[in-house]
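Overview (structure and organization)
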Amino acid sequence: MERRKFPVLLVSLAVCFAVFLAGLFFGRRMGRQDFDWTFGDEIPASTTQATEEAVQEGKLNVNEASAQELAELPGIGTVLAERIVEYRTAYGPFQSLEELCGVDGIGEKRLEELRDYATVR
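Okay, the packing of aromatic side chains next. Overall, the coordinates contain two aromatic pairs when judged by the stated rule. Taken together, a centroid distance of 5.5 Å and an interplanar angle of 5° make the contact between tyrosine 87 and phenylalanine 94 stacked. By relative accessible area, phenylalanine 94 is classed as buried at 2%. Members of the aromatic cluster, joined through ring pairs, are Tyr87, Tyr91 and Phe94.

This is the structure:
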């Protein structure tokens, strides 16, 4: 009985490895090239413009940022980002970060969360 276990285990491992390699191969052929193999402190190449700007300059300017860039801020999703852009379009550029409280869905708590990531220039 013991002699049968080793070949079965060996075949099982070979099949698992083949399935793994096939997944990598077909995943890339079907457009799944977004998987990033970076480790440690490296910044992935797929970093968005909003994140790059926040890293380079420290904070994202809410008067110049697009809805997509705003959506990447903590506590801001696509809905709030659209509301910020609509508010900015209707009332003009923000004069201070506190004016964000005029946007439906942004209160004092969310504003405090944004202070480290957003600015008005």
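Relative to the assigned elements, glutamate 69 resides in helix H3 (residues 67–71). Here glutamate 69 occupies a buried position and makes no salt bridge, while the nearest side chain of opposite charge, arginine 88, is found at 7.3 Å. At a separation of 2.8 Å, a polar atom in the side chain of glutamate 69 contacts the main-chain amide nitrogen of serine 66.

Once that is clear, we can look at the nonpolar core. Ranked by internal contacts, the top residues of the largest apolar core, which has 20 residues, are Leu70, Leu73, Ile76, Ile84, Leu100 and Ile106. Contributions of two or more residues to this core are made by H3, helix H4 (78–91) and helix H5 (108–114). With four residues, H4 is the single largest residue contributor to this core. Not counting residues up to four positions away in its chain, the partners in contact with leucine 100 are Val62, Ile84, Phe94, Ile106, Leu111 and Leu114.

Take the side chain of asparagine 61 next. Relative to the assigned elements, asparagine 61 resides in strand E1 (residues 60–61). There is a polar contact of 3.0 Å between the side chain of asparagine 61 and the backbone nitrogen of asparagine 63.

Time to look at the environment of phenylalanine 94. Its place among the elements puts phenylalanine 94 in the loop between H4 and H5. On a C-alpha basis, the gap between phenylalanine 94 and threonine 119 in space is 9.6 Å, while along the polypeptide they are 25 residues apart. Excluding anything up to four places from it in sequence, phenylalanine 94 contacts Val62, Asn63, Ile84, Tyr87, Arg88, Glu99, Leu100, Val103 and Val120.

The subject of this paragraph is the pattern of salt bridges. As enumerated under the stated definition, the model contains three salt bridges in all. Of the charged contacts, one joins arginine 115 and glutamate 98 as a salt bridge, the two residues approaching to 2.8 Å between their closest N and O atoms. Placement of arginine 115 in the loop between H5 and strand E2 (118–119) and of glutamate 98 in the loop between H4 and H5 is noted, with a sequence separation of 17 residues between them. When its relative accessible area of 26% is taken as the criterion, arginine 115 is described as partly exposed. The closest approach of N and O atoms between glutamate 112 and arginine 115, which form a salt bridge, is 2.9 Å. For glutamate 112, a relative accessible area of 45% gives the class partly exposed. Because the salt bridges share partners, they merge into one network encompassing Glu98, Glu112 and Arg115.

Criteria and cut-off values
Residues numbered from 1 in each chain as written. Predicted model: local features only at pLDDT ≥ 70, side-chain atom pairs only at ≥ 80, totals over all residues. Heavy atoms only, no water. Phe/Tyr/Trp six-rings, centres within 6.5 Å; stacked < 30°, edge-to-face > 60°. Buried < 20%, exposed > 50% of the residue type's maximum accessible area, 1.4 Å probe, protein only. Helix = DSSP H or I, 4+ residues; strand = E, 2+ residues; numbered from the N terminus. Lys, Arg positive; Asp, Glu negative; His and termini not counted. Salt bridge = Lys/Arg side-chain N within 4 Å of Asp/Glu carboxyl O. Polar contact = N/O pair within 3.5 Å; in protein donor to acceptor, adjacent residues only side chain to side chain. Core = buried A, V, L, I, M, F, W, Y, C linked by side-chain atoms within 4.5 Å. Contact = heavy atoms within 4.5 Å.

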